[in-house]
Structures are given as structure tokens and as C-alpha cells.
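# Architecture and fold: a report
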Amino acid sequence: MNCNYVKDLLPLYVGRDLDEERATAIATHIQTCERCAGSAEEYGEARNLLLQYAPPAFSEGVYSGIRQRVLREIEEKQAATMLSPFLAVLFRPRIKWAVATTLLLAVSISIFYFVANRTDDRQQVADGRATADRTAESTEPIERPESDEPKTNPPKASTEDPISRIKSIRPRPRIKATALATSVAAKTVGPRSTAADVSTNANDPVDPESVAARVPAPQEKILRVEMQTKDPNIRIIWFSTQRSKRDAPNKSSKRNLEVRSNA
Amino acid sequence: MGSTKFTKVPSGAREMALALEIQLPVNALTQNQPPLARLIERAAAGDTAAFEQIMIHSQQRVMAMSWRILGNEADARDASQEIFLRVYRYLGRFKQDQDFFAWLYRITVNVCRDIAKKRQHHSDHVASFDASHDDRAYEVAGSNESADDALMHTQQRELIARAMATLPHKERAAVVLRDVEGLSTDEVAKILKSSSTTVRSQISSARKKIKTYCERYLRRHAREL
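Residues numbered from 1 in each chain as written. Chains lettered and ligands numbered in written order. Predicted model: local features only at pLDDT ≥ 70, side-chain atom pairs only at ≥ 80, totals over all residues. Heavy atoms only, no water.

When helices and strands are counted, chain B shows nine helices and two strands. Ordered by position in the sequence, the α and β elements of chain B form the string β-α-β-α-α-α-α-α-α-α-α. Among the 225 residues that make up chain B, the fraction classed as buried is 41%. Of the contacts formed within chain B by residues at least 6 apart in sequence, a portion of 60% connects residues at least 24 apart. Of the roughly 12,700 Å² that chain B leaves accessible, carbon and sulfur atoms contribute 49%. (Helix = DSSP H or I, 4+ residues; strand = E, 2+ residues; numbered from the N terminus. Buried < 20%, exposed > 50% of the residue type's maximum accessible area, 1.4 Å probe, protein only. Contact = heavy atoms within 4.5 Å. Areas by Shrake-Rupley, 256 points an atom, 1.4 Å probe, with all protein chains shown as cover.)

Here's what the structure looks like:
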């Protein structure tokens, strides 16, 4: 056994980490080799120092401080877990994905429903306007009443259901709005209606709302207009049939005008 | 550690058992305290009082080993706190047929390695072994030594602390477990999750470096004198 080989094994020899055979061989060698014996002694001293490498004497305060901090942290974690067990369950990986997918579907369906409803509403409004336009185009211009009121554009009108008109009449506050009555009445009555026909007296207040409620439905052949005068006992009912544009509106309207009185 | 001491050697076996005196270590459980296995079982079920008993039983070992690996009290305190938190967290995985202290040493080595790595990111030093600057570094429990002896021990401790600071973490852990804690090479290999051959190599390298450092230091001081 040469010195180089022994020199490599001396650290393990001094710590008794070698097998018995090699330990015996080294022990024999260092008995005859002063240099290797000196190295073995130095290794022994260093190891003795290491064995005496003791920590300082920590006080009980240090240890109790460590224990208290550890126990406090454990309690905080336990409290956090107890306060939100449901949330903790929700945030498990699989359940988290399921909840997220459900929420996404709910939001998507809500948006789709909202957008679809808005589209329907817009479509309905557009249909209503188109219907009103068609109705206006199909009626004749209406004669102006014999008064000093400024002439306005001839209003458009069409036939309406007589029964629905009767039902829609409601007591309303009376206002003087002869000009309004002219234009509104013209919308609800037939092509030959005039403000004079609608009201026995142009100065009598006519309920514009009752007239306005009676929007004639398209493709009606009989037109009936009912108006309640200021006098609750007097009601004017006007009938009209749909005639061609060449006919004078005055002649037919005078024939179909009816005034009812409850007196 | 515990040791057995015979005060008397009677002829009969029964008398021998009565004469047997067992010297227990300072932190040893007395007859009134439940055994460690039962404490571990209760602590794993969430009993913090039982876990506190476990901490009391092992705090000196943990603190001492952390101090030897990290080299200063502040890091050793942080390491001990983290070690016990991990012990509590993973106590459910501990099997009763395992050696508790070997398992504890493994956690200690891992935590000390993590703290040493974190320290390296903030500092260029391998380890801040400030045993020489520790206020209580020179207080040895129950010491009745003279001033000269105390000074000598202080210097020796400082020397070893500086030598340990030059070692990488794995070699430092291996030599502390083998030489200071007195564990066998196989036990150290299990704790460090290495082979026995690797552990022997690390121990051999660590001892060479410590010896070389001590030689140079003593030669330098001898020249100065």
C-alpha cells in the first residue's frame, strides 16, 4: 500500500468509515510511515474540533418564541380553512372548471336572449312604421274645416273597427283643441271626414284622445267615428263607407252623420 | 443522548434489572408523558397541544443542527420555525414504522438548504457564519472551565465555523450528520437521499477541507506570533 493511496483514505479512516480490511492495512502502513502518521494525526485533531463544534446555549425564551410563532401560524391556517370550506371546495381543480363553464354558458345565453329581444323590438317598431306609411298612402286628402285656422297638410286616415272604437272611448278631460281635433280626427275617420263633421261646433272641445285612440285598421270598408261633446248627453257618431277618390267627401259625410242625445 | 450505567452487578437477572440505571437525555420523556408515537398520532389528527409536546421534545436537536449548518442564530431560528411548520403539515404522511428523527433531520437539511440558497441570492458569501459575533456564542451550558479554557474553546469554535463556511451545503450537511450527530453512513445516505458511496465521498472531501483550512490558519497564526 503506497502513501498516495493511504493519503486518499485517511479522512475515512479517522472517522471509522472504512471496511475492516482496508482499515487494518492503513493502520499497518502508518505504523511504518511517519509522514502518513502525521497526516492521520492532523485529521484526528480536526475531527475532534468538529466533534466539539457545539452551538451556543439558547435560552428557553428562544425556544418558546419559536413554538408560539409556529402554533399561531397553524391556528391562522386552520381558521382560514374553517371560514371558507365551501370556497375551498369550489376551487378544487375539477369543480373550478365546471363552475367556470357553467357561468360562461349562463352569460352567453343571457347575452343571446338580450340581443334577440332587442332585435325583435326593433323589427316590431319598423313593421309599425311601415304599416302606418302604407295606411297613410292609401287614404285621400281630407278637406279643411270652414274656419280661420291655418291650413295644415291633409291628414291621412283609414277605416277602423266600430266595436273597438266604442270600447276605446273613455271619459277624458275636455280641452279646447280644435286644430288638434282636426288633424287627429282626420287620422281616425274615413277619407271624407272633416273637422266640421266631427264636431257640431268647431269651438266645442273635443277629446283628442278618444279620437286618437281610434286608429282605423287597414282594409276596412265601413268607417265609424264617435265623438263625445262637452255635453255628456250628446255624442256624435259618424259613419262612412270607403269610396273612390273622385267622390266629394261632403256629400257622403252629411248623409251619414248622426247625432245622438241622451236628453 | 441516553447512556446506560450499571451501579451494581448482582448475580441474578432480576437483581440486575433492578440495579440498572438509565441516564436519560435532558429532553427525554418521563414516565408520566405519553410516548412519542401517540403524540404523533394525536398531532396528525389536529391536536396542537400534542404537537407542542413534539416540538418541546425535538427543539434542541433542530435548533442545534440548523445552527451548525447555517452558522448563525437568526437563520437557525427561521429554519427551526419553518421546519416545525413542515413537520405539522406533513405529519399525516409520516408512517409509524419510520424513524421520526431521521425524518426530522431530512426536513431540517432541506429547509437549511432552501434558506442558504435564499441567502446566497442576497449575498455573495457562501454562509454567514458569524459564530464569532454571536453574543451568546461563548456561553456553554453548565461550563465550569477557566477563562483560558473558555478562550481556547472560543477560538476553536470560531476556527471550525470558518472552515464549515467554505464547504458546499451537501458536504456540510453530510459531515454534521455523520460526525456531530453520530449517525451511520447508511443513515446519512437515507436522509440525504443519496447512496452510501456518495455520502462517503462527501464526508471525505469535507474532512479534507476542514483539515486543510485548520492547517493554514494555524500556520498563519504561528507566523504572526
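All names here are of chain B. Taken as a whole, the second largest pocket encloses approximately 440 Å³ of empty space. Lining the second largest pocket we find 17 residues, and of these Arg106, Ile107, Asn110, Ile191 and Lys193 sit closest to its centre. Mapped by element, the contributors of at least two residues to the lining of the second largest pocket are helix H4 (73–90), helix H5 (100–122), helix H7 (169–180) and helix H8 (185–192). Ranked by residues supplied to the lining of the second largest pocket, first place goes to H5 with six residues. Of the residues belonging to the lining of the second largest pocket, the class tally is seven nonpolar, four polar and six charged. (1 Å grid on protein atoms, 1.4 Å probe; cavity = no way out; pocket = protein on both sides within 12 Å on 5 of 7 lines; lining within 4 Å. Points joined across faces, edges and corners; volume = space filled by probe spheres on them. Nonpolar A, V, L, I, M, F, W, Y, C, P; charged D, E, K, R; others polar.)

Listed by partner, the interface residues are 47 residues for chain B and 33 residues for chain A. Both faces combined, the contact of chain B with chain A buries some 3,800 Å², and carbon together with sulfur accounts for 65% of it. Contact with chain A buries area across many residues of chain B, yet Gln81(B), Arg207(B) and Lys211(B) alone supply 15% of it, more than any other trio. Counting across the interface, chain B meets chain A through six salt bridges. The partner of Asp17(A) in a salt bridge is Arg207(B), and the shortest N-O contact between them spans 2.9 Å. The set of elements that each furnish at least two residues to the side of chain B that touches chain A consists of helix H3 (48–70), H4, helix H6 (147–165), H7 and helix H9 (196–224) of chain B. If one sorts the elements of the side of chain B that touches chain A by residue count, H3(B) sits on top with 11 residues. (Buried area = accessible area lost by both parts, 1.4 Å probe. Salt bridge = Lys/Arg side-chain N within 4 Å of Asp/Glu carboxyl O.)

Moving on: the side chain of Arg172(B). Note that Arg172(B) resides in helix H7. One polar contact links the side chain of Arg172(B) to the main-chain carbonyl oxygen of Leu167(B), over a distance of 2.9 Å. (Polar contact = N/O pair within 3.5 Å; in protein donor to acceptor, adjacent residues only side chain to side chain.)

Packing of helix H3 (residues 34–51) of chain A against H7(B) brings their axes to within 10 Å, and their N-to-C directions diverge by 85 degrees. What the angle tells us is that H3(A) and H7(B) run roughly perpendicular. Residues Arg47(A), Leu50(A) and Leu51(A) of H3(A) pack against Val175(B), Asp179(B) and Val180(B) of H7(B). Its residues placed into classes, the contact of H3(A) with H7(B) shows four nonpolar, no polar and two charged. (Axes fitted to C-alpha atoms, helices over the stretch in contact; angles between N-to-C directions. Parallel < 35°, antiparallel > 145°, perpendicular 65-115°, else oblique.)

Residues and elements named next belong to chain B. Examined against the element boundaries, Ile107 turns out to sit in helix H5. In this structure the C-alpha to C-alpha distance between Ile107 and Phe84, which are 23 residues apart in sequence, comes to 9.0 Å. Not counting chain neighbours up to four residues away, the residues in contact with Ile107 comprise Ile83, Arg86 and Val87.

The final tally for this structure, using the stated rule, is 22 salt bridges over all chains. Among the ionic pairs, Arg68(B) bridges to Glu181(B), the shortest N-O distance being 3.2 Å. Here the residue Arg68(B) occupies a position in helix H3, and Glu181(B) occupies one in the loop between H7 and H8, the gap between them amounting to 113 residues. Its relative accessible area of 10% is what places Arg68(B) among the buried residues. Where Arg113(B) meets Asp114(B), a salt bridge forms, and the shortest distance between an N and an O atom there is 3.6 Å. Among the charged side chains, a salt-bridge network with shared partners connects Asp17(A), Arg47(A), Arg178(B), Asp179(B) and Arg207(B).

All names here are of chain A. For strand E1 (residues 222–228), a buried count of six out of seven residues is recorded, marking the element as mostly surrounded by other parts of the structure. Judged from the seven bridges that link them, E1 and strand E2 (residues 234–241) form a sheet pairing that is antiparallel. Residue pairing for E2: Arg224 is matched across the bridge by Phe239. Counted between consecutive antiparallel strands, the loop separating E1 from E2 contains five residues. (Pairing = 2+ DSSP bridges.)

Most peptide bonds take the trans form, and the phi angle of most residues other than glycine is negative. With a phi close to 60 degrees, Arg16(A) is a non-glycine residue in the positive phi region. Turning to its location among the elements, Arg16(A) is positioned in the loop between helix H1 (3–14) and helix H2 (20–32). In this structure, Lys193(B) is a non-glycine residue whose phi angle is positive, near 55 degrees. Take Lys193(B): it is sitting in the loop between H8 and H9.

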